[in-house]
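# An overview of the molecular structure
Residue strings, one per chain:
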Amino acid sequence: MIMEIVGIIILFAAVRMLLAQDRTERMVYLNVIGFGMSALIALYIQTSFGAIIAITYFVMSTLSSNAIAYSIGRVKDEIILDE
Amino acid sequence: MIYIVYIIAIVSAMVLGLILKLPLLPEQPIRKSWTTSVVFPTAVLALGFTAMVSKLGYLTSTNMDYLIALAIGVLTAIFSKYMLERFLPPQNSEESSDESQEASP
Amino acid sequence: MNEIIGIIIAAVISWLNFVLIDTWMGLPEAPGVKGAEVIGRGIQKRGGDLAGGFFQGNIVCSPDASAGTLLAAIGCFAIGIPEGGFVAAILVFFGNRICADPGYAGTTGALTITVIIAATSYIGLTPEMFIAGMMIAILTIQGLHHPSSSKLLGKIAKKMGRYTEIK
């Protein structure tokens, strides 16, 4: 039952992410999905190595979100030249 | 107290940390400081490494347990004093102010 | 312990654990990295509170107590209590240092929830319930309505003296 609960939360966050307009809002929903995927990995592979995989995946996804959010900020600052 | 192994590892890490002249607590306010101290991160690393070694199957219930825990504490203190700064250099919250002023030609 | 009741209790405990520790460790005060500032300003533009926005941005951009709580629950479930929590704390610490964060929030959250999981195992709460509970907690903060939850986080930050000075 726990996997179903986590799966429903991921689906809900994914739908809201597709319907969101603002890019920064999408990053926050993406974070919820990252939490959920990490939990699903550990719940499915119920061994110690599964926990290591889940924790490593989560830290890497947070690093990627960090880089993406930073780039969104830089893209907003740049001036686009019309050719 | 069942988990004497963890206590031995933490205590030996803290004692060796004090001998190697690590500060006891980071400077105030604690939440912003990057200094490696005895309480953080040495004690946390000692707990973690002992847990890893225990789950890999090397800490069976013999008298060697206490020696292994002592050795883990000693190695953790040495690691956090000399090698932590090299692996994970303290970056003071990304200097983002100086790279946002690039001139666009 | 009925599973639904257990999940609800675990959700409340995880919510309190991560919100209180994160607020105490100064997440609403300032954006830790530039990405957090972007997200905070975005939430402010949509009608939210800036300190709550910085809190949300810091959750996204660096492993904090919410990550520590979830990963410690995962560790306790798959590796064992309390070894799993300690392994999760050390990996969260390395993840924090790579993300340019000193690492206090994540490891503190992981260690406290490990103690709580060990203590509540005697009344029937399993680490699985804490995994589901933490997912529900993060859904309420980041998955429902960002401006409202950021205002709630801002109120908590003001009460604990960690409100942001930045305008």
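Refer to the structure presented above.
Residues numbered from 1 in each chain as written. Chains lettered and ligands numbered in written order. Predicted model: local features only at pLDDT ≥ 70, side-chain atom pairs only at ≥ 80, totals over all residues. Heavy atoms only, no water.

### Side note on the interface of chain A and chain C
Many structure descriptions define interface size as the accessible area lost when the parts assemble. Taken together, the 40 residues of chain A in the interface contact 43 residues of chain C. Taken together, the two surfaces of chain A and chain C that pack against each other cover about 3600 Å², and 78% of this comes from carbon and sulfur. Applying the counting rule to chain A against chain C returns two salt bridges. Residue E25 of chain A is joined to R46 of chain C by a salt bridge in which the shortest nitrogen-to-oxygen separation is 3.4 Å. Linking chain A with chain C are four residue pairs in polar contact (both at pLDDT 80 or more). When residues in the side of chain A that touches chain C are grouped by element, the largest group, 17 residues, is from helix α3 (residues 48–77) of chain A. Partitioning the side of chain A that touches chain C into residue classes produces 24 nonpolar, 11 polar and five charged. (Contact = heavy atoms within 4.5 Å. Buried area = accessible area lost by both parts, 1.4 Å probe. Salt bridge = Lys/Arg side-chain N within 4 Å of Asp/Glu carboxyl O. Polar contact = N/O pair within 3.5 Å; in protein donor to acceptor, adjacent residues only side chain to side chain. Helix = DSSP H or I, 4+ residues; strand = E, 2+ residues; numbered from the N terminus. Nonpolar A, V, L, I, M, F, W, Y, C, P; charged D, E, K, R; others polar.)

### Describing the nonpolar core
Counting residues in each nonpolar core, the largest one holds 69 residues, and the members touching the most others are F18, L71, I74, F130, I131 and M135 of chain C. In terms of residue count, the dominant contributor to this core is helix α7 (residues 127–142) of chain C (10 residues). The contacts of F130 of chain C, once residues within four sequence positions are left out, are A10, I13, S14, A73, I113, I116, I117, T120 and L125 of chain C. Ranked by size, the runner-up nonpolar core spans 11 residues in total, among them M27, V28 and A69 of chain A together with C61 of chain C. (Core = buried A, V, L, I, M, F, W, Y, C linked by side-chain atoms within 4.5 Å. Buried < 20%, exposed > 50% of the residue type's maximum accessible area, 1.4 Å probe, protein only.)

### Observations regarding unusual backbone geometry
The peptide bond linking F40 of chain B to P41 of chain B adopts the cis configuration, its omega dihedral lying at 0°. The linkage connecting I81 of chain C with the following residue, P82 of chain C, adopts the cis geometry, with an omega of -5°. Here P82 of chain C lies in the loop between α4 (65–78) and α5 (83–98). Look at K21 of chain B: it is not a glycine, yet its phi comes out positive at around 70°. Relative to the helices and strands, K21 of chain B resides in the loop between α1 (4–19) and α2 (42–55).

### Section: the packing of α2 of chain B against helix α3 (residues 64–87) of chain B
Angle between the axes and distance between the axes are the two parameters that describe a pair of packed helices. Residues and elements named next belong to chain B. Running from amino to carboxyl end, α2 crosses α3 at an angle of 135°, the nearest separation of the two axes being 9 Å. When the axes of α2 and α3 are compared, the pair comes out oblique. The way α2 lies across α3 gives a crossing that is right-handed. In this structure, α2 uses T42, L45, A46, F49, T50 and V53 to contact α3, whose residues at the interface are I68, I72, T76, A77, F79, S80 and L84. Counted by class, the contact of α2 with α3 contains nine nonpolar, four polar and no charged residues. (Axes fitted to C-alpha atoms, helices over the stretch in contact; angles between N-to-C directions. Parallel < 35°, antiparallel > 145°, perpendicular 65-115°, else oblique. Left-handed = near helix turned anticlockwise from the far one by under 90°.)

### Focus: a positive patch on the surface
There is a patch of like positive charges on the surface, built from R23, R26 and K76 of chain A together with K45 of chain C. Mapped onto the elements, K76 of chain A comes out in helix α3. The class for K76 of chain A is partly exposed, based on a relative accessible area of 47%. (Patch = residues over 30% accessible without salt bridge, like charges linked within 9 Å, V, L, I, M, F, W, Y side chains within 5 Å. Areas by Shrake-Rupley, 256 points an atom, 1.4 Å probe, with all protein chains shown as cover. Lys, Arg positive; Asp, Glu negative; His and termini not counted. Charge placed at Lys NZ, Arg CZ, Asp CG, Glu CD.)

### Considering the pattern of salt bridges
It is possible for side chains bearing opposite charge to pair when their charged atoms get close. In the structure shown here, the tally under the stated rule is two salt bridges over all chains. Put simply, R46 of chain C and D22 of chain A hold a salt bridge, and the shortest N to O gap is 3.6 Å. Separated into two different chains, R46 of chain C in the loop between α2 (34–45) and α3 (50–61) and D22 of chain A in the loop between α1 (2–19) and α2 (23–44) make up a pair that spans both. Via salt bridges that share partners, D22 and E25 of chain A together with R46 of chain C belong to a single interconnected network.

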